[in-house]
Amino acid sequence: GKSAGVSTAGMRRILPPDVVERGRDPFGPPPGLRGGGGPVRPLELLNGATAWLVTGFDEARTVLADARFSADKLRHHDATSLRPPQAQVAERTDGAFVFMDPPEHTRLRRALTGQFTVRRMRQLESRVREIAVEHVEAMRAAGTRADLVPAFALPLPSLVICELLGVDYADRAEFQERTAVGLSASSTPQEQLEARAGLHAFMRRLVSAKRANPADDLLSGLVHDADPPLTDTQLVDVALLLLTAGHETTANMLGLGTFALLEHPDQLAALRAEPGLMDGAVEELLRFLSIIQLGVSRVATEPVTLGGVDLPAGATVVIATPEANRDPRHWPGPGTLDLRRARTPHLAFGHGVHQCLGQQLARIELRIGLGELLSRLPGLRLAVPAEQVPVRDDMLVFGVRSLPVTWS
Ligand code: HEM
């Protein structure tokens, strides 16, 4: 089946298998990321280049808060990229601010944070609940067995992005189809290219529609309120960034998060008995699962000493989020899923100027999505042995490809 995914093609060709493949424990860091060798260590890439792996929590936060490390991987040649520097520069986009440094980054990010208002988040929260309830009830109406990924985990965040961008109901099927193909690892490169071009054209039409007829959505707000105004090209890039950053991540947290709860029955029982645990549960699942894997990296713009290691200018630094989020200096028994754990900052949403802009919305989706699943599907359990649940460890964002479940 189709599984949405970002920048997947390069991962297996660049990263050695032992830092990518999870082995027997689908929830824990791959063996190659685990302990030993210090918090910063060289990582030989399959393309012959050397990157630096940061597995320590403090060292990771230092990198993400230090302006000597750049997110502009297209300007500073990034060793984890498959493309030659020339091709990378040509691919630079006007609005993809996740790959920009301040002050360029600051202006675009500020335009967007101005739109993530408390009022808008409240409105979205009630839509998230309606969407979640609608999908769980459709599962119930269809029987007592379903694949949670296509039935719930993928459509929920996709429809939330539709709300955010103000996509008309009539266009949502087209939007979801193009997203599925354009971001899918199982599509051919040609199919992906065509679907992405289609998605780009879709966003262009959406931006001009919002220019002509503003509504109460975030994209309309961005089109009309940003000061100085954003160009259409920037707006299209920002809309595509919201889609790629917000869809696959949340979908995989819903799917893998449910799998993790089902595999920890005592924790699941505690959560069912005490719904007040949900906020803590979401934080702990984010830490414990760290689905972003090796997706956060930076390039050193000058020589830097980090964790006692001298990094040369131009070094690519890869944050090993799954391991940094289990740093024993920060969490007692870090390998245990403990929903009652005292709340401590984690790196699942990154850190510093690029820290996830959608984290408030992501938390709403996870809290409400998991809450409605558990309360409306009593006796929810896996419909296959856990070893048969297919994981996606070849993707930038980790998760499950499908999750067959059943309920009473
Ligand atoms: C950035 C994780 C959901 C929008 C990030 C970063 C991480 C992350 C780790 C930092 C990347 C870096 O520093 O290189 C997640 C996870 C999510 C999630 C785990 C779900 C559980 C969302 C949602 C949205 C969103 C729902 C919006 C609808 C963004 C944007 C950025 C970002 C726009 C770039 C921010 C910047 O560069 O200033 N996310 N994210 N994310 N995220 Fe999320």
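The rules behind these values
- Residue numbers restart at each chain and count upward from 1, following the sequence in its written direction.
- Side-chain atom pairs in this predicted model are given and counted only at pLDDT of 80 or more, local residue features only at pLDDT of at least 70, and totals for whole chains, interfaces and linings cover all residues.
- Structural elements are reduced to axes, namely lines fitted to C-alpha atoms, with helices fitted over the stretch in contact, and the angle between N-to-C directions of any two is expressed from 0 to 180 degrees.
- Only DSSP runs of H or I reaching four residues or more are called helices, and only runs of E reaching two or more are called strands; each is numbered from the N terminus.
- Crossings are assigned a handedness: left-handed for a near helix turned anticlockwise from the far helix by less than a right angle, right-handed for a clockwise turn.
- Note on contacts: residues are paired as contacts if their backbone-placed C-beta atoms lie within 7 Å.
- Amino acids are sorted into nonpolar (Ala, Val, Leu, Ile, Met, Phe, Trp, Tyr, Cys and Pro), charged (Asp, Glu, Lys and Arg) and polar (every other residue, Gly among them).
- Between any two strands, at least two bridges found by DSSP are needed for them to pair.
- Residues are counted as near a molecule or strand when the C-beta atom, derived from backbone positions, lies within 6 Å of that molecule or strand.
- Counts of 20 or more other C-beta atoms within 10 Å of a residue's own C-beta define buried residues, counts of 12 or fewer define exposed ones, and intermediate counts define partly exposed ones; C-beta atoms are placed from the backbone.
- When an angle is under 35 degrees it counts as roughly parallel; over 145 it counts as roughly antiparallel; between 65 and 115 it counts as roughly perpendicular; any other value is oblique.
- Note on terminology: a nonpolar core is any set of buried Ala, Val, Leu, Ile, Met, Phe, Trp, Tyr and Cys residues joined through C-beta atoms within 7 Å.

The name an unreviewed UniProt entry assigns to the chain is Cytochrome P450, from the organism Nonomuraea rubra.

Here helix 5 (residues 118–141) crosses helix 7 (residues 155–165) at 145°, and the two axes come no closer than 10 Å. Taken as a pair, helix 5 and helix 7 cross one another with a handedness that is right-handed. Side by side, helix 5 and helix 7 meet where Leu124, Arg127, Val128, Ile131, Ala132 and His135 of the first sit next to Pro155, Leu156, Leu159, Val160 and Glu163 of the second. Among the residues making up the contact of helix 5 with helix 7, the classes are represented as eight nonpolar, one polar and two charged.

Now for the sheet that holds strand 4 (residues 145–147). Read from one edge of the open sheet, three strands run 4-10-9, paired in antiparallel fashion. Two strands bound the open sheet, and with one partner strand each, they are strand 4 and strand 9 (381–382). Across three bridges, strand 4 lies against strand 10 (residues 404–406) in antiparallel orientation. Paired with Ala146 across the bridge in strand 10 is Val405.

Right, let's talk about the environment of Pro30 for a bit. The residue Pro30 is located in the loop between helix 1 (11–14) and strand 1 (40–44) in this model. Each C-alpha atom, one on Pro30 and one on Pro17, is 8.8 Å from the other, the two residues being 13 residues apart in sequence. If we skip the residues at most four places from it in the chain, Pro30 touches Asp18, Val19, Val20, Glu21, Arg22 and Gly23.

So, on to the site of the ligand. Looking at the ligand, there are 23 residues lining it, with Gly246, Thr249, Gly350, Cys356 and Gly358 nearest. When contributions to the shell around the ligand are tallied by element, the ones reaching two or more residues are helix 11 (232–262) and helix 15 (359–376). By residue number, the principal contributor to the shell around the ligand is helix 11, which donates seven residues. Its residues assigned to classes, the shell around the ligand comprises 16 nonpolar, six polar and one charged.

Turning next to the pairing of strand 5 (residues 296–300). Counting buried positions over the five residues of strand 5 gives five, a clear majority of the element. Residue alternation in strand 5 divides its side chains into two sets, Val296, Arg298 and Ala300 and Ser297 and Val299, and both sets are buried. Across two bridges, the pairing between strand 3 (residues 69–70) and strand 5 is antiparallel. Pairing of Ser70 across the sheet is with Val299, part of strand 5. When strand 5 meets strand 8 (residues 316–319), the two strands line up antiparallel, connected through four bridges. Residue pairing across strands places Arg298 opposite Val317, the latter belonging to strand 8.

The next thing to look at is the sheet that holds strand 8. Backbone hydrogen bonds are what pair the strands of a sheet, in a parallel or an antiparallel way. Pairing is mixed across the open sheet formed by five strands, whose spatial order is 1-2-8-5-3. Either end of the sheet is taken by a strand with one partner, and the two such strands are strand 1 and strand 3.

What follows concerns the pairing of strand 1. Both strand 1 and strand 2 (residues 50–54) contribute to a ladder of five bridges, which runs antiparallel. Looking at strand 2, one finds that Pro42 is bridged to Trp52. Hairpin remark: strand 1 followed by strand 2, antiparallel, with five residues in the connecting loop; positive phi at Gly48, about 95°.

A word on the packing of helix 11 against helix 13 (residues 278–289). Taken N-terminus to C-terminus, the directions of helix 11 and helix 13 make an angle of 95°; their axes are 10 Å apart at the nearest point. Here helix 13 runs roughly perpendicular to helix 11, going by the angle between their axes. Across from Met253, Leu256, Gly257 and Ala260 in helix 11, the residues of helix 13 making contact are Leu285, Leu286, Phe288 and Leu289.

Another aspect to go through is the nonpolar core. Trp52, Val54, Leu165, Leu222, Ala239, Val317 and Val318 are the most contacted members of the largest nonpolar core, which has 112 residues in total. Per element, the largest residue contribution to this core is 13 residues, and it comes from helix 11. Contacts of Val317, omitting those with residues within four sequence positions, involve Trp52, Val54, Val63, Phe69, Ser297, Arg298, Ala300 and Leu311.

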